[in-house]
Amino acid sequence: MSLKSVLGRKDVFALAFGAMIGWGWVVLSGTLIEEAGTLGSMLGFLLGAGLIGPVGLAYAELTSAMPRAGGELAFTYKGLNATFSWICGWALILAYVGVCAFEAVAVATVVDFLLPSLRTGHLYTIAGSEVYWSWILIGMGGCLFIGALNWWGIRASGSFQRVATAGLVVVGIGFFAGSNAFGATENLPPLVLGLEGVLRVAMITPFLMIGFDVIPQASEEMKVPMREVGRILLLSIFLATAWYMLVQWGVGLSLPESGRHESELATADAATAVFGSGLAGSVLVAGGFLGIVSSWNAFFVGATRLVFGMARARMLPFRLSRLHPRHQTPSAAVLFVTACTLFAPFLGREALVWIANAASLAAVVVFFLVSLSFLRLRWRAPRMPRPYRVRFGKAAGAGAVAVSFGFILLYLPFSPSGLIWPQEWLIVLIWVALGAGVFWGGRRVRSRIDPEAQAEVILGTSALGRFTEEDPCASTSPTADPSSQSRDPADM
C-alpha cells in the first residue's frame, strides 16, 4: 500500500516554502514590532531560525534516509520505539490540524478586507471575536476546496501549490522593493524593546516557520534524488527566514509607530502608505490570500499523509489508510482532516489563536523527539544509508536536542512567553487526554501486531507483505518494542 511518486523539485520547494509563508506575515508584523521593535523583531526571527537550524539539519538527513509517508513516524520508530513514534504522530496531528483550522478563519478575514460588504449575519461573540454566517460559509468553502483538491491527487495539489507560491513571491518582491525605495528610516523607531520582546518573537517562530517538516510527510510521493530533498528543505528554511525579516523591515520603513499601533493589517497598510494607493494594500492582501491557500494546502497534504501513515501502521484505525481506487490518494484521511477543519470557522478568530499557540507547542515537542532520534541513530546506526549526510552530525544532533528542549521551556507557565491558562493549556490537556484514550483503546489491536511487520510498514523496507487490507494483523505474536529486537528493523 504505497503512494505514487510524482512530485518534482519545484513541487517540493513550493510545498515547503508555501507552507512557511502563510497569513502571519500580513497580520502579525505590526504586533511583533510593538513587542520587540523593528530591529528587535528581526533579531527575534533570526534567533528563532538559528535555533530551528539544527532541527532542520536533522530533518534533512532523516528525510533522505527514510522517505515514507508519515515522516516523523519513521524517524522516531527507528530512533526510539513504537510508543514514542505514536506520541510524535499524535502531537503532529494537533500541529497540522491546528494550522489548517487557523487558515480556515484567516481566509474569511482576507475576503472581509477585500469585500467588506459581504460581512453579514452576526451570530455570536467568542472571547471578543465576532462570528458571522458569511465568514463561516467562506471558511467552510475553503475547507471543501482544499479537501477536493487533495482528493483528486497530489499532482493537482502540487500544481496548485506552485502557482499560489509563485504569485505570493511576486507580491512580496513588489512590497520589499517599494518599501525600500519609498519608505523612511525615520519610521523605524523603536528599534529594540528589550530581551523579553525578542524572545516572544522567537517563540512564535516555530508556528510561523513550521512547514519544512511537511516535506517528510510527502517524501514517499517525490521523484527527486533524496540528497536533493535534504538541500531543498534547508533552502526553504533560509528563504523563509529572509522573507519574514524583510517584511518586518519593510513595515518598519513604511509605517510610523502610531500607524502600526492602529493597524489591524500592518503589512497591507504599509503597502498602501508606501505606494500612496489603497489598491496596493488590496494587492498585498491578495498576496496574503495566496499565502493562506499555499500554507493551507501544504499542511493539508502533511496532515493527510500523517494520518495515512499512522493508519497504515495500525496506530490509528486501519480504515483511515484506504486509497481512492482511481486517484490513488489517501481518500479516507482526506475526508477525516476535512471534517476536522470544517468546524473551525464557528470558533472565531481569538479561539483559533489559542489553538495555534497550542499547536506550536505540539510542533516543538515533535522537533525534540525527531532531534533525539537523529542523535540516537548517529550512535546506534552509524552505517545506515543517508543520501544527505550532515557534517559533524553528533554535534548537530546534540544542538538540535538542546534547542528544541529550550523551545519547549518557552511555552511553560514559568516563562514570560508561556501558554495562556486556562484556554491554551486546556487545549493541550484535552488533546493529551484524548490521545491517552485512543492509545489505550488500541491496545488489543497492538497486541496482535507483529513488530517486524509493523517495522516493514513504517520504514518501507519490504513489500509490506503481512500488512494487507484482508489480513492486517496476521501475526499473533505479543507486542514488543521494535528497538529491543535483535535485528535492526531498518536493516531487514
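What counts and how
Residues numbered from 1 in each chain as written. Predicted model: local features only at pLDDT ≥ 70, side-chain atom pairs only at ≥ 80, totals over all residues. Heavy atoms only, no water. Helix = DSSP H or I, 4+ residues; strand = E, 2+ residues; numbered from the N terminus. Contact = heavy atoms within 4.5 Å. Core = buried A, V, L, I, M, F, W, Y, C linked by side-chain atoms within 4.5 Å. Buried < 20%, exposed > 50% of the residue type's maximum accessible area, 1.4 Å probe, protein only. Pairing = 2+ DSSP bridges. Salt bridge = Lys/Arg side-chain N within 4 Å of Asp/Glu carboxyl O. Phe/Tyr/Trp six-rings, centres within 6.5 Å; stacked < 30°, edge-to-face > 60°. Lys NZ or Arg CZ within 6 Å of the ring centre and 35° of its normal.

S.K.: Lay out the side chain of Thr341 in plain terms, naming residues and giving numbers.
M.R.: As for its position among the elements, Thr341 is in helix H15 (residues 331-342). Each residue touching Thr341, except ones within four places of it in the same chain, is listed here: Val97, Cys100, Ala101, Ala104 and Cys143.

S.K.: Hey, could you go over the nonpolar core for me, with residue numbers and the actual values?
M.R.: With 144 residues, the main nonpolar core has Trp25, Tyr59 and Phe212 as its most contacted residues. Looking at this core, the element that brings in the most residues is helix H6 (residues 82-114), giving 20 residues. When residues no more than four places from it in sequence are discounted, the contact partners of Tyr59 are Glu72, Phe75, Phe212, Asp213, Pro216, Leu233, Val366, Phe367 and Val370.

S.K.: Pulling in residues and values, what's your account of the environment of Arg9?
M.R.: If you trace the backbone, Arg9 turns up in helix H1 (residues 9-20). Classification of Arg9 by relative accessible area gives partly exposed; the value is 47%. For the pair Arg9 and Ser321, spaced 312 residues apart in sequence, the C-alpha to C-alpha distance is 26 Å. Filtering out sequence-adjacent residues up to four positions away, Arg9 remains in contact with Val224, Pro225, Glu228 and Ile232.

S.K.: Give me the pairing of strand S1 (residues 122-126): which residues, what numbers.
M.R.: Here S1 runs beside strand S2 (residues 129-132); their pairing, made up of four bridges, is antiparallel. When the sheet's bridge partners are listed, His122 is paired in S2 with Tyr132. Taking the residues that link successive antiparallel strands as the turn, the S1-S2 hairpin has two residues, and the phi of Ala127 there is positive, at about 55°.

S.K.: Account for the pattern of salt bridges, naming residues and giving values.
M.R.: The final tally for this structure, using the stated rule, is eight salt bridges. The salt bridge involving Arg200 is made with Glu35; its shortest N-O contact spans 3.7 Å. Of this pair, Arg200 sits in helix H9 (residues 195-209) while Glu35 sits in helix H3 (residues 29-36), and the two are 165 residues apart along the sequence. Take Arg200: its relative accessible area is 29%, and that puts it in the partly exposed class. Judged by its relative accessible area of 31%, Glu35 is partly exposed.

S.K.: Give a description of the packing of aromatic side chains that names residues and reports values.
M.R.: For the structure shown, the criterion picks out 19 aromatic pairs. Both rings, one in Phe145 and one in Phe160, keep their centres 5.6 Å apart while their planes meet at 70°; by these two values the pair is edge-to-face. Placement of the pair is Phe145 in helix H7 (residues 133-152) and Phe160 in helix H8 (residues 154-182), with a sequence separation of 15 residues. Consider the rings of Phe212 and Phe367, whose centres lie 5.6 Å apart with planes at 25°: the pair is stacked. Of this pair, Phe212 sits in the loop between H9 and helix H10 (214-218) while Phe367 sits in helix H16 (residues 348-380); the two residues are 155 residues apart in sequence, bridging distant segments of the chain. Just as Phe212 is buried, Phe367 falls in that class too. Joined through ring pairs, the aromatic side chains of Phe13, Phe17, Trp25, Phe175, Phe176 and Trp243 make up one cluster. A cation over a ring is seen here: Lys394 above Trp379, with NZ or CZ 3.7 Å from the ring centre.

S.K.: Could you give me a rundown of the environment of Leu92, with the residues and numbers involved?
M.R.: With respect to the helices and strands, the residue Leu92 is situated in helix H6. A relative accessible area of 1% places Leu92 in the buried class. It is 9.7 Å that separates the C-alpha atoms of Leu92 and Ser360, two residues lying 268 residues apart in sequence.

No statement about biological role is implied by the geometric values presented.
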